[in-house]
2 protein chains.
Amino acid sequence: MEQITIIGNGHMARSLAVRMIKGRHSVLILGRNEGKTRDLVEFLGAGAHGGREGTSIEGDLVFLAVPFEEGRKAVSAYGSALAGKVVVDISNPVDLATFDRLLVREDTSAAESIALLAGPTTDVVKAFNTCLAKPLEAGSVAGFPLDVFIAGDSEQAKATVSAVAANSGLRPIDVGPLKRARQLESMMLLVMGLQVNPEHKNFNWDTSLKILP
Amino acid sequence: MEQITIIGNGHMARSLAVRMIKGRHSVLILGRNEGKTRDLVEFLGAGAHGGREGTSIEGDLVFLAVPFEEGRKAVSAYGSALAGKVVVDISNPVDLATFDRLLVREDTSAAESIALLAGPTTDVVKAFNTCLAKPLEAGSVAGFPLDVFIAGDSEQAKATVSAVAANSGLRPIDVGPLKRARQLESMMLLVMGLQVNPEHKNFNWDTSLKILP
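Keep in mind that this is a model prediction, so the values were computed, not measured.

J.: Explain the pairing of strand 6 (residues 123–126) of chain A here, please?
T.: Put simply, side chains in a regular strand alternate between the two faces of the sheet. All names here are of chain A. Across four bridges, strand 5 (residues 86–89) lies against strand 6 in parallel orientation. Across the sheet, residue Val87 finds its bridge partner in strand 6, namely Val124. Assessed by its sense of winding, the connection that carries the chain from strand 5 through helix 4 (residues 110–118) to strand 6 is right-handed. With two bridges joining them, strand 6 and strand 9 (residues 147–152) adopt antiparallel strand pairing. Bridge assignment links Val125 to a residue of strand 9, and that residue is Gly152.

Have a look at this one:
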């Protein structure tokens, strides 16, 4: 069982926390809006507690469940408090005005940018970015466990994230080094674009990207 | 029913032809190796006939079922014979020596490169690149029809390819303009890398990338 800190109190924070509590992990929710954090902790029940973003991280596994730029700010603000920890970037740096481009250069990724910012003493892992909040909270889609694609340069850090995903009822897939985040983020530009396109009546933020079987 | 020309006589040509003949289309296989083309046409049976690459295209829908560079050569060689036709690029320009990079620049795609070469009188569509040969021939994976992601700048050309995919028992998904091929090709760098990685015992060129449900 891990003590996990989730920075953020929105839809993705909620879904990650639900799954991880099912996996019998303990979750600390750190949010900016205290009322929203309190509501989420109450909804999550046993296994969850809350605090204000900026207060101490608990455990060695930290999820950035906030938009990319907010994640960067959190990593900067926590600074050396993240040394020795595994930081999971779940972000999709998609231009939400157009769903036509990424907000990072083509020769890098949000995850690599966060790793650069965090420095060499923190292991940054890309994971869960292909999971949309609603199916992630459910844990499965069409009877299959969700796929969690995991990219990172530390085998040990990826093993930690894989174990948490697996005992939360999901299927972890190690996709290689952190730079594979470019592929994962790129694909979500396309997948998220489908969700907002009214021509795709069946795609309403309730789908999952999977490798079958 | 379309008359379809498939350039190539390998695994992907075979799988595309099997599905399209199931969809009651007629297929012309154009290959370099005459013996291999004859064997494939014999295997396909009614609905298929063959010829040598370089001889006349039949119908208005042409699949480039050859590697990216071969596809470029075919488009150059056919030249104005492709005017007014829909050309489908199914390629994955992946460095097969490393499975670590694409053979096209990050700000373009194989499909866009082929469209540039073909010129404005030919409609190039990216499709079927996320389908591996074995599951494509079967048409379904884990009980679900395969997803065919379709990118292109001509709505009419995409509608033609969508219709062929649908009546071949597959699920077409229009993912937007031709530049979305960058995302489709990028993701396959990752997916193909999983197939060749011995650590992923369950991935053996028999999987499919799908949006569920």
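Next comes the rest of the description.
J.: In this structure, what is going on with the packing of helix 3 (residues 68–78) of chain A against helix 4 of chain A? I would like to understand it.
T.: Packed helix pairs are specified by the crossing angle of their axes together with the interaxial distance, meaning the distance between the axes. Residue and element names in this part refer to chain A. Where helix 3 meets helix 4, the axes come as close as 9 Å, and the angle between the chain directions of the two elements is 15°. When the axes of helix 3 and helix 4 are compared, the pair comes out roughly parallel. Seen along the crossing, helix 3 lies across helix 4 with a hand that is right-handed. Residues Phe68, Arg72, Val75 and Ser76 of helix 3 touch helix 4, and the partners they reach there are Ala110, Ser113, Ile114, Leu117 and Ala118. Partitioning the contact of helix 3 with helix 4 into residue classes produces six nonpolar, two polar and one charged.

J.: When you look at the pattern of salt bridges in this model, what are you seeing that I'm missing?
T.: Side-chain pairing between opposite charges can occur once the charged atoms of the two side chains come close. Residue and element names in this part refer to chain A. In the structure shown here, the tally under the stated rule is 36 salt bridges over all chains. Glu53 serves as the salt-bridge partner of Arg32, at 3.8 Å between the closest nitrogen and oxygen. Placement of the pair is Arg32 in the loop between strand 2 (26–31) and helix 2 (34–44) and Glu53 in the loop between strand 3 (48–52) and strand 4 (61–64), with a sequence separation of 21 residues. For Arg32, a relative accessible area of 53% gives the class exposed. What makes Glu53 partly exposed here is its relative accessible area of 22%. What you see here is one network of salt bridges that share partners, running through Arg32, Glu53, Glu70 and Lys73.

J.: Would you mind going over the sheet that holds strand 10 (residues 171–176) of chain A with me for this structure?
T.: Each strand in a sheet pairs with its neighbour through backbone hydrogen bonds, running either in the same direction (parallel) or in the opposite one (antiparallel). Residue and element names in this part refer to chain A. Read across the open sheet, the eight strands follow the order 3-2-1-4-5-6-9-10; overall the sheet is mixed. Because the sheet does not close on itself, it has two edges, and the strands there are strand 3 and strand 10. Strand-to-strand twist in this sheet, taken as the mean axis angle between neighbours without regard to direction, amounts to 25°. Pairing geometry for strand 4 and strand 5, over four bridges, is parallel. Paired with Val62 across the two strands is Val87, which belongs to strand 5. Contacts from helix 4 reach strand 4, strand 5 and strand 6 within the one sheet, and its direction differs from that of strand 6 by about 170°.

J.: It is not clear to me how the nonpolar core should be interpreted in this structure. Could you clarify?
T.: Among soluble globular proteins, nonpolar side chains are generally buried collectively. Membership of the largest hydrophobic core comes to 74 residues, with the highest contact counts inside it found for Ile6, Phe63 and Phe128 of chain A together with Ile6, Phe63 and Phe128 of chain B. Those residues within four positions of Phe63 of chain B in sequence are excluded, and the remaining contacts are Ile4, Thr5, Ile6, Ile7, Leu16, Met20, Val88, Ile90 and Phe128 of chain B. Membership of the second largest hydrophobic core comes to 55 residues, among which are Val62, Ala151, Met187 and Val191 of chain B.

J.: Just to check I follow, could you spell out the packing of aromatic side chains for this structure?
T.: Each aromatic ring pair is specified by the distance between its two centres and by the angle formed by the two planes. Residue and element names in this part refer to chain B. Under the criterion given, the structure shown has three aromatic pairs over all chains. Taking 5.7 Å as the distance between ring centres and 70° as the angle between the ring planes, the aromatic pair formed by Phe63 and Phe128 counts as edge-to-face. With Phe63 in strand 4 (residues 61–64) and Phe128 in the loop between strand 6 (123–126) and helix 5 (133–138), the pair connects residues that are 65 residues apart, well separated along the chain. Note on accessibility: Phe63 and Phe128 belong to one class, buried. Residue placement shows Arg14 over the ring face of Phe43; its charged tip is 3.9 Å from the ring centre.

What counts, and at which threshold
Residues numbered from 1 in each chain as written. Chains lettered and ligands numbered in written order. Predicted model: local features only at pLDDT ≥ 70, side-chain atom pairs only at ≥ 80, totals over all residues. Heavy atoms only, no water. Pairing = 2+ DSSP bridges. Helix = DSSP H or I, 4+ residues; strand = E, 2+ residues; numbered from the N terminus. Right-handed = clockwise from strand over helix to strand, strands pointing away. Axes fitted to C-alpha atoms, helices over the stretch in contact; angles between N-to-C directions. Parallel < 35°, antiparallel > 145°, perpendicular 65-115°, else oblique. Left-handed = near helix turned anticlockwise from the far one by under 90°. Contact = heavy atoms within 4.5 Å. Nonpolar A, V, L, I, M, F, W, Y, C, P; charged D, E, K, R; others polar. Salt bridge = Lys/Arg side-chain N within 4 Å of Asp/Glu carboxyl O. Buried < 20%, exposed > 50% of the residue type's maximum accessible area, 1.4 Å probe, protein only. Core = buried A, V, L, I, M, F, W, Y, C linked by side-chain atoms within 4.5 Å. Phe/Tyr/Trp six-rings, centres within 6.5 Å; stacked < 30°, edge-to-face > 60°. Lys NZ or Arg CZ within 6 Å of the ring centre and 35° of its normal.

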